[in-house]
Amino acid sequence: MGRWRPPQAASTALITRTGHDRLKAELDHLWRERRPEVVRALAAAAAEGDRSENAEYTYRKKQLGEIDRRVRYLGKRLESLKIAPEAPTDRGAIYFGAWITLEDERGNEQRYRIVGPDETDAALSWISIDSPLARAALKKRVDDEFAAELPGGRAIFVVVDIRYGEA
């Protein structure tokens, strides 16, 4: 089996101000703090002698490669991202950055925030604008019903509430 993988679909280059600041802070932390720590540890492991049987040296080389990969990715991604305005002019419809409350077919309510693909977080209920649920919900208004093709099958939702800003 080859290593070829089909290219991933291009993700939306939108991000919230908070998400952008978080990615910049991660890049800064990796470059100014984490990478120098790993380089020092790598140099100490290399000074121990035979590198072919030195597990610490191998581990630190791998760790440095992971940090460098993430730094390269963040550097390129931050250049291409566009910070979205805090709220659209039409606050009655669902757009990027909205907090939405949806009711499913069984009457269960769920609350989500639509954010960029670089800042999704399931624990916070932040979903990507590229997700099937967010795509189906875009431009809907309170009391609108819509269907979304989710991994578990087709689901129908009703928009209960739309808010912009923090929570």
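Residues numbered from 1 in each chain as written. Predicted model: local features only at pLDDT ≥ 70, side-chain atom pairs only at ≥ 80, totals over all residues. Heavy atoms only, no water.

Q: Hey, could you run me through the pairing of strand 4 (residues 109-115) in this one?
A: Looking along a regular strand, one sees the side chains alternate between the two faces of the sheet. Where strand 3 (residues 99-104) meets strand 4, five bridges bridge the pair, whose relative direction is antiparallel. Across the sheet, residue Thr 101 finds its bridge partner in strand 4, namely Arg 111. The hairpin turn running from strand 3 into strand 4, its antiparallel successor, is four residues long, and Gly 107 in that turn takes a positive phi close to 90°. In this structure, strand 4 lies alongside strand 5 (residues 126-128), joined through three bridges in parallel fashion. Bridge pairing links Val 115 to Ser 128 in strand 5. (Pairing = 2+ DSSP bridges. Helix = DSSP H or I, 4+ residues; strand = E, 2+ residues; numbered from the N terminus.)

Q: Quick question: what am I supposed to make of the pattern of salt bridges here?
A: For side chains bearing opposite charge, pairing can occur when the charged atoms are close. In the structure shown here, the tally under the stated rule is twelve salt bridges. A salt bridge links Glu 26 to Arg 70, with the shortest nitrogen-to-oxygen separation between them at 2.9 Å. On the criterion of sequence distance, the pair formed by Glu 26 in helix 1 (residues 17-46) and Arg 70 in helix 2 (residues 55-80) is long-range, its members being 44 residues apart. Overall, Glu 26 belongs to the partly exposed group, its relative accessible area being 28%. Taking the shortest distance from any N to any O, the salt bridge between Asp 90 and Arg 141 comes out at 2.5 Å. Taken as a pair, Asp 90 in the loop between strand 2 (82-83) and strand 3 and Arg 141 in the loop between helix 3 (132-137) and strand 6 (145-150) lie far apart in primary sequence, 51 residues in all. Asp 90 gets classed as partly exposed once you look at its relative accessible area, which sits at 26%. Using a relative accessible area of 38% as the deciding quantity, one classes Arg 141 as partly exposed. (Salt bridge = Lys/Arg side-chain N within 4 Å of Asp/Glu carboxyl O. Buried < 20%, exposed > 50% of the residue type's maximum accessible area, 1.4 Å probe, protein only.)

Q: What exactly am I supposed to notice about the environment of Arg 163 here?
A: Examined against the element boundaries, Arg 163 turns out to sit in strand 7 (residues 153-163). The exposure class assigned to Arg 163 is partly exposed, which follows from its relative accessible area of 46%. When the C-alpha positions of Arg 163 and Thr 101 are compared, they lie 8.8 Å apart, and in sequence the two are 62 residues distant. Setting aside residues no more than four positions away along its own chain, Arg 163 makes contact with Gly 97, Ala 98, Trp 99 and Arg 111. There is a polar contact of 2.8 Å between the side chain of Arg 163 and the side chain of Asp 161. (Contact = heavy atoms within 4.5 Å. Polar contact = N/O pair within 3.5 Å; in protein donor to acceptor, adjacent residues only side chain to side chain.)

Q: What exactly am I supposed to notice about helix 2 here?
A: Spacing of three or four residues puts side chains on the same side of an α-helix, whose turn is 3.6 residues. Taking 1.5 Å per residue as the helical rise, helix 2 with its 26 residues ought to reach 38 Å, and the 38 Å between its terminal C-alpha atoms agrees with that figure. Every buried residue of helix 2 is accounted for by Tyr 57, Arg 60, Gln 63, Leu 64, Ile 67, Asp 68, Val 71, Leu 74, Arg 77 and Leu 78. Buried positions along helix 2 lie against helix 1. At the N-terminal boundary of helix 2, the capping side chain belongs to Asn 54, with an oxygen 3.1 Å from the backbone nitrogen of Glu 56. (Expected span 1.5 Å × (residues − 1).)

Q: Which parts of the structure should I look at to understand the nonpolar core?
A: Taken as a class, soluble globular proteins show a tendency for nonpolar side chains to be buried jointly. In this structure, Ile 94, Ile 100, Leu 102, Leu 133 and Phe 146 are the most contacted members of the largest nonpolar core, which totals 21 residues. If you list the elements that add at least two residues to this core, you get strand 3, strand 4, helix 3, strand 6 and strand 7. Beyond its immediate chain neighbours, meaning those up to four positions away, Leu 102 contacts Asn 108, Glu 109, Gln 110, Tyr 112, Leu 133, Phe 146, Phe 157, Val 158, Val 159 and Val 160. (Core = buried A, V, L, I, M, F, W, Y, C linked by side-chain atoms within 4.5 Å.)

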